[in-house]
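Report on the structure
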Amino acid sequence: MRASENILGIDVTALDYQGIIYEIDQVIKNNDKANVIAVNPEKFIAMEKNAELKELISKATFKIPDGIGVILASKLKGGQIRSRVTGVDLFVEILKLADRNNYKVYLYGGKPEVVSRTKEVIERDYRGVQVVGYSDGYQNDQESLIEEINESGAQIMFVALGSPKQELWIKENMGRLNVNIYQGVGGSFDVLSGNVQRAPEVFRKTGTEWFYRLATQPSRFRRQMALPKFLFKVLFKSK
Ligand code: UDP
């Protein structure tokens, strides 16, 4: 049983980057399968209206505490989770693991120029990684995509279709793919390829990346409302 902590009915993984990377490496070495889902206030709110999303998050191998909201919730409930494990940083840590072990990686999602640029950046910065294939996120022929991924021999795949599309895609296809590790990475290809800037370090270090996002992209305001709603539920509801 992996270390975890129950927040609103979800067993959030209570491991730091090092702990998760160790476990991911074990999964690959044992030729098992595991998936990583980032949990954040938005997903907790979305889950309430979407039982399918709740079920698939519950079943994910690693439910990483993505963002300050989950850390605050843990503190409010007297829990132990103190380190954020963000989707984009874990993506980078998995790339470093793949770099050290020459693991095979497949990239799926994003616009055509974004995913091909992501491949180039990975090959430039993580020379040990074998990018064995990639595909943009606007493909309709799913059957040939599945075949291509299986033929590539990928051990790790990153799916960047946005949430919850990527989680649903992973759930639907994990059974017929031969890949070991599946991570839904949202807009991370946009970040890695330089299409979208990350918040400056000072915001990231202090856990106020949400504030930077809100100030620079006010249209995200509705999404940001998930945080106060989520904290309210954590305080006043047990499940
Ligand atoms: N995307 C895609 N196919 C789709 C819809 C979205 O490949 O049908 C990609 C889109 O190009 C972008 C990412 O999914 O790169 C979504 O990023 P967003 O920031 O919306 O995701 P979040 O991290 O907020 O879940």
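Going by the structure above, here's the rest.
What comes next concerns the included structure. Worth saying up front: this structure is predicted, and the values here are computed from it rather than measured.

Observations regarding the pattern of salt bridges
As enumerated under the stated definition, the model contains 11 salt bridges in all. The closest approach of N and O atoms between D125 and R124, which form a salt bridge, is 2.7 Å. Exposure remark for D125: the relative accessible area of 39% places this residue in the partly exposed category. When its relative accessible area of 47% is taken as the criterion, R124 is described as partly exposed.

Considerations on the site of the ligand
Around the ligand lies a shell of 14 residues, among which G110, G137, K165, D190 and R223 are the nearest. G162 places a polar main-chain atom, nitrogen or oxygen, 3.4 Å from an oxygen atom of the ligand. In isolation the ligand offers 550 Å² of accessible surface; the protein chains occlude 71% of this area. Residue composition of the shell around the ligand, by class: 3 nonpolar, 7 polar and 4 charged.

Brief notes about the nonpolar core
I24, I156, F158 and F189 are the most contacted members of the largest nonpolar core, which has 36 residues in total. If you list the elements that add at least two residues to this core, you get helix 1 (17–29), strand 3 (34–39), strand 4 (62–65), helix 5 (87–101), strand 5 (104–109), helix 6 (112–125), strand 7 (156–160) and helix 9 (188–192). With 7 residues, helix 5 is the single largest residue contributor to this core. Not counting residues up to four positions away in its chain, the partners in contact with I24 are V36, F62, I94, L97 and I181. Ranked by size, the runner-up nonpolar core spans 22 residues in total, among them I7, L53, V70 and A226.

Quick look at the packing of aromatic side chains
Counted according to the given criterion, the structure contains 6 aromatic pairs. A ring pair is formed by Y108 and W169, whose centres lie 4.9 Å apart and whose planes are at 55°; its orientation type is tilted. Here the residue Y108 occupies a position in strand 5, and W169 occupies one in helix 8 (residues 165–173), the gap between them amounting to 61 residues. W169 carries the same exposure label as Y108, and that label is buried.

Cut-off values and rules
- Counting restarts for each chain: residues are numbered from 1 in the order of the written sequence.
- For a predicted model such as this one, the threshold for reporting local features is a pLDDT of at least 70, and the threshold for listing and counting side-chain atom pairs is 80 or more; totals across whole chains, interfaces and linings nevertheless cover every residue.
- Each side-chain value is worked out from all heavy atoms of the structure, with water and hydrogens disregarded.
- Salt bridges are identified by distance alone: a Lys or Arg side-chain nitrogen within 4 Å of an Asp or Glu carboxyl oxygen.
- With a 1.4 Å probe rolled over the protein chains alone, any residue whose accessible area is under 20% of its type maximum counts as buried; one over 50% counts as exposed, and the rest are partly exposed.
- By convention in these notes, a residue is near a molecule or strand provided one of its non-hydrogen atoms lies within 4 Å of it.
- We define a polar contact as two N or O atoms separated by no more than 3.5 Å, with the added condition that, inside protein, one atom must be a possible hydrogen donor and the other a possible acceptor, whereas residues neighbouring each other in sequence contribute only through side-chain atom pairs.
- For accessible areas, the Shrake-Rupley method is used with a probe of radius 1.4 Å. Any residue's cover is judged against the shown protein chains and nothing else.
- As a working rule, the residues Ala, Val, Leu, Ile, Met, Phe, Trp, Tyr, Cys and Pro are called nonpolar, Asp, Glu, Lys and Arg charged, and the rest polar, with Gly in that last group.
- As used in this record, nonpolar core signifies buried Ala, Val, Leu, Ile, Met, Phe, Trp, Tyr and Cys residues forming a set joined through side-chain atoms within 4.5 Å.
- In DSSP terms, a helix is any run of H or I states spanning at least four residues, a strand is any run of E spanning at least two, and both are numbered starting from the N terminus.
- In what follows, a contact means two residues having at least one pair of non-hydrogen atoms within 4.5 Å.
- Centre distance within 6.5 Å is the pairing criterion for rings of Phe, Tyr and Trp, where only the six-membered ring of Trp is used; planes under 30 degrees apart are then read as stacked, over 60 as edge-to-face, and the remainder as tilted.

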